[in-house]
Amino acid sequence: QPGSINMKKIDPPLEKRLGKAGPVSDILNFAEKCHAVTGYARFWGSHKDKYIRWSEEKSTIWIVSASNSGLVYPGTTGTESPQVVKVLGTFDDLHVGCISTLATTEDGKQVWTGGTDNMVIVWKVYAKGSGNPYVGQKEALSGHEGCITSIALSIPQAVAVSGSKDGTVIMWDLGKISYLRTLRHGSPIVSVSINQGNGNILSVSCCSLKL
């Protein structure tokens, strides 16, 4: 769940943080180093230097590549350098409403978006001739009656889960991209996650946690 965090307390130590200082939205462990991205963004699969950013005010996503500039922020020790950012692709009108959450598979081939239109939409990421990514819709999934607040994906368990303000968690078959079952948490969902090892699903609301 995004929130303020002291990255110095994370073990292994922080290697790179993408974006300006602010609430952390995603963390990636890569080569025994910890990488973080801030704002409305998720790492693109297991790419430590590429991420997908969205805006809660529209239905657009940006696939972004970032690299260190070699400079330092004023007042820092030089461990956090500003990023040289390159937008690899911009994709508009992905939802009728606004995008509220996003997740990617570890291989980066699928992007799942949730919106204020109560829909979960699955996108396949292709490579253009230029090498830049292209996003094409694969499936639109309905079943929630409230804004989608969180999505989690697991290739090892072949399952996806989505949580909503309507208090439900829906399990989806990741391979077939089809409905499996609905779990009722009972209060608006804040976050969902999947244990990659045993497949356990954790759902969190403002007042309770269920496994």
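To be clear, the structure that these remarks concern was listed above.
Thresholds applied
- Residues numbered from 1 in each chain as written.
- Predicted model: local features only at pLDDT ≥ 70, side-chain atom pairs only at ≥ 80, totals over all residues.
- Heavy atoms only, no water.
- Pairing = 2+ DSSP bridges.
- Helix = DSSP H or I, 4+ residues; strand = E, 2+ residues; numbered from the N terminus.
- Axes fitted to C-alpha atoms, helices over the stretch in contact; angles between N-to-C directions.
- Salt bridge = Lys/Arg side-chain N within 4 Å of Asp/Glu carboxyl O.
- Buried < 20%, exposed > 50% of the residue type's maximum accessible area, 1.4 Å probe, protein only.

Novice: Would you mind showing me how to read the sheet that holds strand β12 (residues 148-154) here?
Specialist: Two strands in a sheet stick together by hydrogen bonds in their backbones, pointing the same way (parallel) or opposite ways (antiparallel). Reading across from one edge, β12-β13-β14-β15 is the order of the four strands in this open sheet, with antiparallel pairing throughout. Lying at the two open borders of the sheet, with one neighbouring strand each, are β12 and β15 (178-184). When the angles between neighbouring strand axes are averaged without regard to direction, this sheet yields 20°. Two strands pair when backbone bridges link them, and strand β14 (residues 168-173) and β15 are joined in this way by six bridges, in the antiparallel orientation.

Novice: Explain the pattern of salt bridges here, please?
Specialist: When the charged atoms of two side chains with opposite charge come close together, those side chains can pair. Summed over all chains, the structure comprises one salt bridge. A salt bridge links D49 to K50, with the nearest nitrogen and oxygen atoms 3.9 Å apart. Residue class for D49 comes out partly exposed when judged on its relative accessible area of 25%. Judged by its relative accessible area of 21%, K50 is partly exposed.

Novice: Sorry if this is basic, but what is going on with unusual backbone geometry here?
Specialist: Leaving glycine aside, a negative phi is the common case for residues, and trans is the common case for peptide bonds. The residue N118 is not glycine, and still its phi comes out positive at about 70°. Looking at the element boundaries, N118 is found in the loop between β9 (110-115) and β10 (120-127). The backbone of A158 sits at a positive phi, close to 55°, despite the residue not being glycine. The class for A158 is partly exposed, based on a relative accessible area of 37%.

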